[in-house]
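# Architecture at a glance
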Amino acid sequence: MLKIAIIQFKPILGAVADNIQAIRSLLERVPDAQLLVLPELASTGYNFRDKDHAYSLAEEPADSAYLNMLNTYARRNEQYIVTGFNEKAEKGIYNSSALTGPEGMIGIYRKMHLFMHEKEYFLPGDSELKVYDTAYGKIGMQICFDYLFPEPWRILAEQDAHLIVHPSNLLTQNATKALPGIALMNRVYIATANRIGTEGNLTFNGGSMIIDPSGNVLKKASAANEEIIEYDLDISLSTDKMITPLNHVFKDRRAEQYK
Ligand code: ACM
């Protein structure tokens, strides 16, 4: 079993120290969770004024006060923590997700499919699609609008991901429609951590979800409240790729006919 907790909250645009403090208080509420998932760009907020504003709030992972704080909790409580963050790199900034654990920083994924004005601020992600081993199972990462593009989810599931975590700043119900199907088609757990609140002309719609490999929504948060949703996942379910006793969701593909 994997004890997962999704933290849905309201980051404040540009108020990094306040956001870190808010996240710290939320982490204090779930010391027993084995995996915690936070939203996209959780420490900075989302709706940047322009490219310079976004850049001014970016951090290099090795020097990030935010990621260091998360790692302190990960070590202290033997937890794995996934969060979206604004990553500064040599060539520019990326809308990224980090997985940290008791052993330190485990992996970073850079969002591939940039939404709307993100294209003006961030470089498109260039990460290898990779599943990370943890003490509780194999974890893949995708970020928000990546939900619209089925290939990376399939590639992570083919790498035997038990769970794909999905830090988000969702604005529409499209992910709510797409993600149960993605979970079902790949027989994999999905955990979407969305945010709430309004930044300028954007209102984020909460509804963070834990979805099982049959496409069932096991838990869903409210649309507008700060909330932590928790569930004990039987991750062995995502190793069973049979959708009927005679149908395997990967082996039954007809790749030679897909022309
Ligand atoms: C989104 O990708 N943040 C909608």
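Residues numbered from 1 in each chain as written. Predicted model: local features only at pLDDT ≥ 70, side-chain atom pairs only at ≥ 80, totals over all residues. Heavy atoms only, no water.

## Some remarks on helix 5 (residues 150–158)
- Residues of helix 5 that are buried include every one of Pro152, Trp153, Arg154, Leu156 and Ala157, and no others.
- A positive backbone phi angle near 70° is found at Asp160, which sits one or two residues after helix 5. (Buried < 20%, exposed > 50% of the residue type's maximum accessible area, 1.4 Å probe, protein only. Helix = DSSP H or I, 4+ residues; strand = E, 2+ residues; numbered from the N terminus.)

## A word on the pairing of strand 1 (residues 2–8)
- Taken across its 7 residues, strand 1 has 6 buried, putting it largely inside the fold.
- In terms of strand pairing, strand 1 meets strand 14 (residues 227–233) through 7 bridges, oriented antiparallel. Paired with Ile7 across the two strands is Ile228, which belongs to strand 14.
- Summarising the sheet, strand 1 and strand 2 (residues 35–37) pair through 3 bridges and their orientation is parallel. (Pairing = 2+ DSSP bridges.)

## Here we look at empty space enclosed by the protein
- Across all of its chains, the model carries 2 cavities of 30 Å³ or more by this definition.
- There is about 80 Å³ of room inside the largest cavity.
- Around the largest cavity, the lining residues are Tyr46, Lys111, Phe115, Glu118, Cys144, Phe145, Tyr147, Asn169, Leu170, Leu171 and Thr172.
- Its residues placed into classes, the lining of the largest cavity shows 7 nonpolar, 2 polar and 2 charged.
- Quantified by volume, the second largest cavity comes out at close to 40 Å³.
- Lining the second largest cavity, in full, are Ile108, Tyr109, Glu128, Leu129, Lys130, Tyr132, Met141 and Leu156.
- For the lining of the second largest cavity, the class distribution of residues is 6 nonpolar, no polar and 2 charged. (1 Å grid on protein atoms, 1.4 Å probe; cavity = no way out; pocket = protein on both sides within 12 Å on 5 of 7 lines; lining within 4 Å. Points joined across faces, edges and corners; volume = space filled by probe spheres on them. Nonpolar A, V, L, I, M, F, W, Y, C, P; charged D, E, K, R; others polar.)

## Description of the packing of helix 1 (residues 16–28) against helix 3 (residues 65–77)
- Where helix 1 contacts helix 3, the axes come no closer than 11 Å and their chain directions differ by 10°. It follows that helix 1 is roughly parallel to helix 3 by the angle criterion. Contacts between helix 1 and helix 3 pair Ile20, Ile23, Arg24, Leu27 and Glu28 from the former with Ala65, Tyr66, Met69, Leu70, Tyr73 and Arg76 from the latter. (Axes fitted to C-alpha atoms, helices over the stretch in contact; angles between N-to-C directions. Parallel < 35°, antiparallel > 145°, perpendicular 65-115°, else oblique. Contact = heavy atoms within 4.5 Å.)

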